[in-house]
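Summary of the model geometry
Here's the letter readout for the chains.
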Amino acid sequence: MKVILYRDAIKEAMSEEMRRDQTVFLMGEEVADYDGAYKVSKGMLAEFGEKRVIDTPISELGFAAVGVGAAQNGLRPIVEFMTWNFAVLALDQILNTASKMYAMSGGQLSCPIVFRGPNGSAGQLGAQHSTAFESLYANIPGIKVVSPSNGYDAKGLLKQAIRYENDPVVFFESEVAYGDKCEVPEEEYYITFGKGNIVHTGKDLTIVTYGKTLKIVLEAYHHLLSDNINAEIIDLRTIRPLDWELVLKSVQKTNRLLIVEEQWPFGSVGAELSYRIQKEGFDYLDAPIRRITSADAPMHYAPNLSLAYLPNPLKIVAVAKEIMYLKK
């Protein structure tokens, strides 16, 4: 194993696949000359040249359309958005073209493209730069949605997306996690979509999360242990496909479920997961399924309002105790 940064795990995934396959290329704002807005693509222009690491104009709809067209003509593009908040401008290409083309062509035309970039809150960036988009894109048939919590998963899942997935993949990273250290193997590896990960085994309560929210769940986990609550922690890794069967098996053991996510509450990933678990595992539940989401409002700039807006360890501990029918 070797220790690298999260951003370098993303870079390694792209570079390894670009060395292996000449049809893979990277395009986006400042990915070439500037080495990427978050230095994820640092050094890639020097290695692969300007035909395969391409700076684009500040026009998300335009360069997303170029990527979709390239994917439908035999190439395997990686399209980087500086933030998924800006990618709403490209939603027409993702929703109306990339996700639907395989069905509309009767299976004759696939679209093997990866859209990637940072997602969700990253400190005091204001409402227009702080939205988490997993549930929005998970509502679109025809695309796959990935939200890794760490560099190891990010590299393995991104390599899987670039090399093996012939459907469009929406890949959510975390701006605040790019500097995190992670261990990755020296040898090549891939992580199959639709396989969640049990981070900690437990017997009292199942807590499910994904993406950078895993960090605060793990902080809450240690607080719960000090109160003799042994929670089982599950990281979904991918949102579509969704490994709800793994969650169901855990609930059959713990009989309680808490879902923590950085989504708005209405129509969230947690809402879909709750439906699946109560439908297939109702008889195993000893308490109502609970979830912790962001507030049902835009995220404000003020630090006190940001703290109130987002899930945090104290909220998780309090709700977990309620599920266990313990006093706060």
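Predicted model, so just to flag it, every value in this text is computed and none were measured.

This next bit is on the overall build of the protein. Helix and strand counts for the protein stand at 12 helices and 14 strands. For the protein, whose C-alpha radius of gyration is 20 Å, the value lies close to the compact-globule estimate of 20 Å for 328 residues. Its C-alpha atoms give the protein principal-axis dimensions of roughly 60 × 45 × 40 Å. With 328 residues in all, the protein has 55% of them scored as buried. Across the protein, every contact between residues at least 6 apart in sequence was considered, and the portion connecting residues at least 24 apart equals 81%.

A few words on a negative patch on the surface. On the surface, a cluster of negative charge is contributed by E30, D33, E50 and D55. Position of E30 among the secondary structure elements: in the loop between β2 (24–28) and α2 (44–48).

This part covers the domain arrangement of the protein. Each domain of the protein was delimited in the assignment, giving domain 1 (2–184) and domain 2 (197–323). On a C-alpha basis, the centroid separation for the pair domain 1 and domain 2 is 27 Å. Listed by partner, the interface residues are 32 residues for domain 1 and 23 residues for domain 2. With both chains or domains summed, domain 1 and domain 2 bury close to 2100 Å², and 52% of this area falls on carbon and sulfur atoms. Sorting the residues of domain 1 by area buried against domain 2 places S121, Q124 and S149 first, and these three jointly supply 25% of that buried surface. Put simply, domain 1 and domain 2 have 2 salt bridges between them.

Turning to the sheet that holds β2, a few remarks are in order. An order of β3-β2-β4-β5-β7-β6-β12 is seen for the 7 strands of this open sheet, with the pairing classed as mixed. The open sheet is flanked by β3 (53–55) and β12 (238–240), the only strands paired with a single partner. Averaged over neighbouring strand pairs, the angle between their axes works out to 20° when direction is ignored. Note that β2 and β3 share 3 bridges and pair parallel. Bridge assignment links M27 to a residue of β3, and that residue is I54.

Time to look at the nonpolar core. Counting residues in each nonpolar core, the largest one holds 42 residues, and the members touching the most others are F81, W84, F115, Y137, L236, V247 and L273. Elements that contribute at least two residues to this core include exactly β2, α3 (60–71), α4 (91–98), α6 (134–138), β7 (169–173), α9 (244–254), β13 (257–260) and α10 (269–281). Counting contributing residues, this core receives three or more from each of domain 1 (2–184) and domain 2 (197–323). Counting residues in hydrophobic clusters, the runner-up holds 33 residues, among them A32, F48, V53 and V184.

What follows concerns the pairing of strand β4 (residues 76–80). Residues in a regular strand project their side chains so that they alternate between the two faces of the sheet. Counting buried positions over the 5 residues of β4 gives 5, a clear majority of the element. Burial along β4 is two-sided: R76, I78 and E80 and P77 and V79, pointing in opposite directions, are all buried. Here β2 pairs with β4 via 5 bridges, running parallel. Counterpart to M27 in the pairing with β4 is V79. Where β4 and strand β5 (residues 114–118) come together, 3 bridges link them in parallel fashion. Within the sheet, the bridge partner assigned to E80 lies in β5 and is R116.

The next thing to look at is the packing of α9 against α10. At a minimum axis distance of 10 Å, the contact between α9 and α10 shows a crossing angle of 55°. As far as their axial angle goes, α10 and α9 are oblique. Between α9 and α10 the crossing geometry is right-handed. Of the residues in α10, those in contact with W244, V247, L248 and V251 of α9 are L273, R276, I277, E280 and G281. Per-class residue counts for the contact of α9 with α10 are 6 nonpolar, 1 polar and 2 charged.

Okay, the sheet that holds strand β9 (residues 197–200) next. Spatial strand order, β9-β11-β10-β13-β14: 5 strands in an open sheet with mixed pairing. Bordering the open sheet on either side are β9 and β14 (290–292), each of which pairs with just one other strand. Averaged over all pairs of adjacent strands, the angle between strand axes in this sheet comes to 25°, irrespective of strand direction. Seen against the sheet, helix α8 (residues 214–226) touches β9, β10 (205–209), β11 (231–235) and β13 and runs at an angle of roughly 170° to β11. Here α10 sits on the sheet in contact with β10, β13 and β14, set at roughly 160° to β13.

Moving on, we come to the packing of α8 against helix α12 (residues 313–323). Between two packed helices, both the angle of their axes relative to each other and the distance between the axes serve to describe the pair. Between α8 and α12, the shortest axis-to-axis distance is 8 Å and the interhelical angle comes to 50°. Taken as axis vectors, α8 and α12 run oblique relative to one another. Remark: the crossing between α8 and α12 carries right-handed chirality. Counting all contacts with α8, which are made through I216, V217, E219, A220, H223 and L224, the residues of α12 involved are P313, I316, V317 and A320. Here the contact of α8 with α12 is composed, by residue class, of 8 nonpolar, 1 polar and 1 charged.

Rules used throughout
Residues numbered from 1 in each chain as written. Predicted model: local features only at pLDDT ≥ 70, side-chain atom pairs only at ≥ 80, totals over all residues. Heavy atoms only, no water. Helix = DSSP H or I, 4+ residues; strand = E, 2+ residues; numbered from the N terminus. Rg over C-alpha atoms; globule rule 2.2 N^0.38 Å. Buried < 20%, exposed > 50% of the residue type's maximum accessible area, 1.4 Å probe, protein only. Contact = heavy atoms within 4.5 Å. Patch = residues over 30% accessible without salt bridge, like charges linked within 9 Å, V, L, I, M, F, W, Y side chains within 5 Å. Areas by Shrake-Rupley, 256 points an atom, 1.4 Å probe, with all protein chains shown as cover. Salt bridge = Lys/Arg side-chain N within 4 Å of Asp/Glu carboxyl O. Lys, Arg positive; Asp, Glu negative; His and termini not counted. Charge placed at Lys NZ, Arg CZ, Asp CG, Glu CD. Domains from an automatic or database assignment. Buried area = accessible area lost by both parts, 1.4 Å probe. Pairing = 2+ DSSP bridges. Axes fitted to C-alpha atoms, helices over the stretch in contact; angles between N-to-C directions. Core = buried A, V, L, I, M, F, W, Y, C linked by side-chain atoms within 4.5 Å. Parallel < 35°, antiparallel > 145°, perpendicular 65-115°, else oblique. Left-handed = near helix turned anticlockwise from the far one by under 90°. Nonpolar A, V, L, I, M, F, W, Y, C, P; charged D, E, K, R; others polar.

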